[in-house]
Amino acid sequence: MILLKADGDRYQFGMSLAEKTVLLALLERYPMIPLSYYKLSKNLGSDKEDDQAMLEEAMSSRRSLLKKRVTQLMHGESRFHQGQNQLRATFTREEIEWLLQVLNDIRVGNWIRLGCPDCEIRMPVPTSREEKIALAEMELAAHFECMFLEAVDGHMK
Amino acid sequence: MAAANEPVTIQPDIEKDTDSRPKDTLDPGYIVICWNDPVNLMVYVTHVFQVVFGWSRQKAEHHMLEVHNNGKSVLTRETLERAEFYVHRLQEYGLQATMERDEQ
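In this report, the structure presented in the accompanying data block is examined. Not measured: the values here are computed from a predicted model.

Basis of the calculations
Residues numbered from 1 in each chain as written. Chains lettered and ligands numbered in written order. Predicted model: local features only at pLDDT ≥ 70, side-chain atom pairs only at ≥ 80, totals over all residues. Heavy atoms only, no water. Contact = heavy atoms within 4.5 Å. Buried area = accessible area lost by both parts, 1.4 Å probe. Salt bridge = Lys/Arg side-chain N within 4 Å of Asp/Glu carboxyl O. Polar contact = N/O pair within 3.5 Å; in protein donor to acceptor, adjacent residues only side chain to side chain. Helix = DSSP H or I, 4+ residues; strand = E, 2+ residues; numbered from the N terminus. Nonpolar A, V, L, I, M, F, W, Y, C, P; charged D, E, K, R; others polar. Phe/Tyr/Trp six-rings, centres within 6.5 Å; stacked < 30°, edge-to-face > 60°. Buried < 20%, exposed > 50% of the residue type's maximum accessible area, 1.4 Å probe, protein only. Lys NZ or Arg CZ within 6 Å of the ring centre and 35° of its normal. Pairing = 2+ DSSP bridges. Axes fitted to C-alpha atoms, helices over the stretch in contact; angles between N-to-C directions.

## Regarding the interface of chain A and chain B
Part 1 of the reasoning: Each side of the interface is counted separately: chain A has 32 residues, and chain B has 29 residues.
Part 2 of the reasoning: Each partner contributes to the roughly 2,700 Å² buried at the junction of chain A and chain B, and carbon and sulfur atoms together form 59% of this total.
Part 3 of the reasoning: Taken together, the connections running from chain A to chain B amount to 1 salt bridge.
Part 4 of the reasoning: Here Glu92 of chain B makes a salt bridge to Arg62 of chain A, at a shortest N to O gap of 3.0 Å.
Part 5 of the reasoning: Across the contact surface, chain A and chain B share 15 residue pairs in polar contact (both at pLDDT 80 or more).
Part 6 of the reasoning: Mapped by element, the contributors of at least two residues to the side of chain A that touches chain B are helix H2 (48-75), helix H3 (93-113) and helix H4 (129-156) of chain A.
Part 7 of the reasoning: In terms of residue class, the side of chain A that touches chain B is built from 17 nonpolar, 4 polar and 11 charged.

Here you go:
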């Protein structure tokens, strides 16, 4: 996947059919991070359980909305066009932010499934099929994240 | 007394509301902290800080490196509501952020 052109708020990417298939399959996995992963505070006392319940409820609603948005975005009829050698897809800046949130959720969610290894020191060696899939999804999500970040942040410089 | 066909101006009751908003809601005594984890990409964390806080690349990178090297970074000091807002925004992006009472 490469950035073909950035025009104001719109970013056009070129990708192969295989990349499109992988990207869509990855996005289908959202959401993966358990709601209990997030905490509002480490130290604020009193209504901690109520606060946590409210946080999880709010997060759950936001996720449903984001899932709906990204599904509509990626499966819209005019999203992908056949170019000369590859598929072309155009996203706005806001749509890329949605995709980044979803892809990062998939990366972090798979990392949690792998037992939160310290990948800065050494990546785990997957032993089971599930672990191999989790590791592959984690790295693929990072690959697409980097593509989108390079496009928007390069443009932001 | 105003006649029936004359417009009547009703003044709103204006009272100082001291009950519905706790004092600490307006107190900028809450800090928003981002905690380190080994999974979020450094470029991603920098990007999120830029988007959520509207910071320059330089400032965002400074805080990202603080998270990376020191385990955490205090990102901002806010009222209760604003601190909650920022924590939610950072968590939407999958970052480990919390709010704490500023003891200083």
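## Digging into the packing of aromatic side chains
Part 1 of the reasoning: One pass over the full model with this rule turns up 10 aromatic pairs over all chains.
Part 2 of the reasoning: Residues Phe13 of chain A and Phe148 of chain A carry aromatic rings whose centres are separated by 5.1 Å and whose planes lie at 75° to one another, so their mutual orientation is edge-to-face. On the criterion of sequence distance, the pair formed by Phe13 of chain A in strand S2 (residues 10-15) and Phe148 of chain A in helix H4 is long-range, its members being 135 residues apart. Phe148 of chain A matches Phe13 of chain A in its accessibility class, with the two residues each being buried.
Part 3 of the reasoning: Seen from their ring centres, Phe53 of chain B and Tyr86 of chain B are 4.7 Å apart, and the 35° between their planes marks the pair as tilted. Within this pair, whereas Phe53 of chain B is found in helix H1 (residues 42-53), its partner Tyr86 of chain B is found in helix H3 (residues 80-92), the two being separated by 33 residues in sequence. Across the pair, exposure class does not vary: Phe53 of chain B and Tyr86 of chain B are buried alike.
Part 4 of the reasoning: What links up through ring pairs into an aromatic cluster is the set Phe49, Phe53, Trp55, Phe85 and Tyr86 of chain B.
Part 5 of the reasoning: Note that Lys42 of chain A overlies the ring of Trp35 of chain B, its terminal NZ or CZ placed 4.4 Å from the centroid.

## Focus: the sheet that holds strand S2 (residues 72-78) of chain B
Residues and elements named next belong to chain B.
Part 1 of the reasoning: Overall, antiparallel pairing links the 3 strands, which are arranged S2-S1-S3 in an open sheet. Each of the sheet's edge strands pairs with one partner strand only, and the pair in question is S2 and strand S3 (97-101). Taken pair by pair, the neighbouring strands of this sheet meet at an average axis angle of 30°, ignoring direction.
Part 2 of the reasoning: Bridge analysis of strand S1 (residues 30-35) against S2 gives 6 bridges, and the strand direction is antiparallel. Bridging from a neighbouring strand, Ile33 pairs with Val74 of S2.

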